[in-house]
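So the chains spell out like this:
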Amino acid sequence: KWFNHEWVKKMSDVRCQMLVKPILEDKGIKIKDDAYLLNVISLVKDRCILLNDFYMQSIYFFEAPKEFDIEAVKPKWNEEKVNFFTELVVEFEKINEWTMLSVEECFKALAITKNIKVGELQLPFRIMLVGGKYGPGVFHIAEMIGKEETTERIKNFLLKSFS
């Protein structure tokens with residue numbers, strides 16, 4: 001596994017894309033944009049040991065999670081956090097230039113306003129976007145999937161998970 005992981009990490013992103021694209025397509029993921037796939041590969045490559053790992057490590061870039069790791073969020077979930085994420089959707093709608101930095105700044109500013117530690121909010125945010133406790137930086141994920149998809153995933157999580 002170690003040797004294979006090193007091989008994957010050292011492989012060029014373009015070569016990796018050529019090998020991974022058919023794997024993803026065989027599992028039903030429709031790749032509409034090769035440049036987008038290349039960006040996804042560069043973000044998740046270090047987390048993959050085998051080429052098949054790219055599916056689990058990248059599926060959430062192409063489709064919203066069908067299930068959420070609720071147990072990871074449940075111990076510290078409360079009405080205050082529901083209100084935070086409900087308001088976050090509104091704040092995200094105001095962002096004109098959707099970048100990793102603008103998303104992070106908006107997120108942290110609202111956390112400060114609500115007097116909630118950012119660290120307590122990042123795991124639930126990750127679960128909303130990815131479905132589990134894995135993946136690259138959560139603000140990078142939000143940038144990649146876009147404003148509309150990010151806000152829809154937050155709303156979906158809030159509707160399905162604790163209603």
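As a reminder, the structure under discussion sits directly above these lines.
Please read all numbers here as calculations on a predicted model, not as lab measurements.

Student: Describe the overall build of the protein, with residues and values.
Tutor: For the protein, the count of helices and strands is 10 helices and zero strands. Secondary structure elements of the protein, listed N to C terminal, follow the sequence α-α-α-α-α-α-α-α-α-α. A compact globule built from 163 residues should have a C-alpha radius of gyration of about 15 Å, and the protein, at 17 Å, falls within 12% of that. Oriented by its inertia axes, the alpha-carbon framework of the protein measures out at about 45 × 35 × 25 Å. Per-residue burial over the protein gives 44% buried out of 163 residues. The long-range fraction of contacts in the protein, counting pairs at least 24 apart against all pairs at least 6 apart in sequence, stands at 68%. Here the protein has roughly 9,100 Å² of accessible surface; of this, 53% comes from carbon and sulfur atoms. Each charge class in the protein can be summarised by its mean position, and for the 24 positive and 25 negative side chains these summaries are 4 Å apart.

Student: I'd like a description of unusual backbone geometry, backed by residues and values.
Tutor: Within the chain, Asn115 stands out as a residue other than glycine whose phi angle is a positive 60°. Residue position: Asn115 is located in the loop between α7 (100-114) and α8 (118-130).

Student: Can you lay out the packing of helix α6 (residues 79-93) against α7 for me, pointing to particular residues and giving the numbers?
Tutor: Close contact between α6 and α7 brings their axes to 10 Å; oriented N to C, the two are set at 140°. In terms of axis orientation, α6 runs oblique to α7. The element α6 and its partner α7 pack so that their crossing is right-handed. Of α7, the residues touching α6 (which contributes Glu80, Phe84, Phe85, Glu87, Leu88, Glu91 and Phe92) are Val103, Cys106, Phe107, Leu110, Ala111 and Lys114. Taken together, the residues of the contact of α6 with α7 break down into nine nonpolar, no polar and four charged.

Student: Please provide a residue-by-residue account of the nonpolar core, values included.
Tutor: Judged by nonpolar contacts, the single largest core of 52 residues is most densely connected at Phe61, Phe85 and Phe125. Contributions of two or more residues to this core are made by α2 (13-26), α3 (34-44), α5 (70-73), α6, α7, α8, α9 (138-145) and α10 (147-161). Among all residues touching Phe85, those that are not within four sequence positions of it are Trp77, Phe107, Leu121, Pro124, Phe125, Met128, Ile154 and Leu158.

Reading guide: rules and limits
Residues numbered from 1 in each chain as written. Predicted model: local features only at pLDDT ≥ 70, side-chain atom pairs only at ≥ 80, totals over all residues. Heavy atoms only, no water. Helix = DSSP H or I, 4+ residues; strand = E, 2+ residues; numbered from the N terminus. Rg over C-alpha atoms; globule rule 2.2 N^0.38 Å. Buried < 20%, exposed > 50% of the residue type's maximum accessible area, 1.4 Å probe, protein only. Contact = heavy atoms within 4.5 Å. Areas by Shrake-Rupley, 256 points an atom, 1.4 Å probe, with all protein chains shown as cover. Lys, Arg positive; Asp, Glu negative; His and termini not counted. Charge placed at Lys NZ, Arg CZ, Asp CG, Glu CD. Axes fitted to C-alpha atoms, helices over the stretch in contact; angles between N-to-C directions. Parallel < 35°, antiparallel > 145°, perpendicular 65-115°, else oblique. Left-handed = near helix turned anticlockwise from the far one by under 90°. Nonpolar A, V, L, I, M, F, W, Y, C, P; charged D, E, K, R; others polar. Core = buried A, V, L, I, M, F, W, Y, C linked by side-chain atoms within 4.5 Å.

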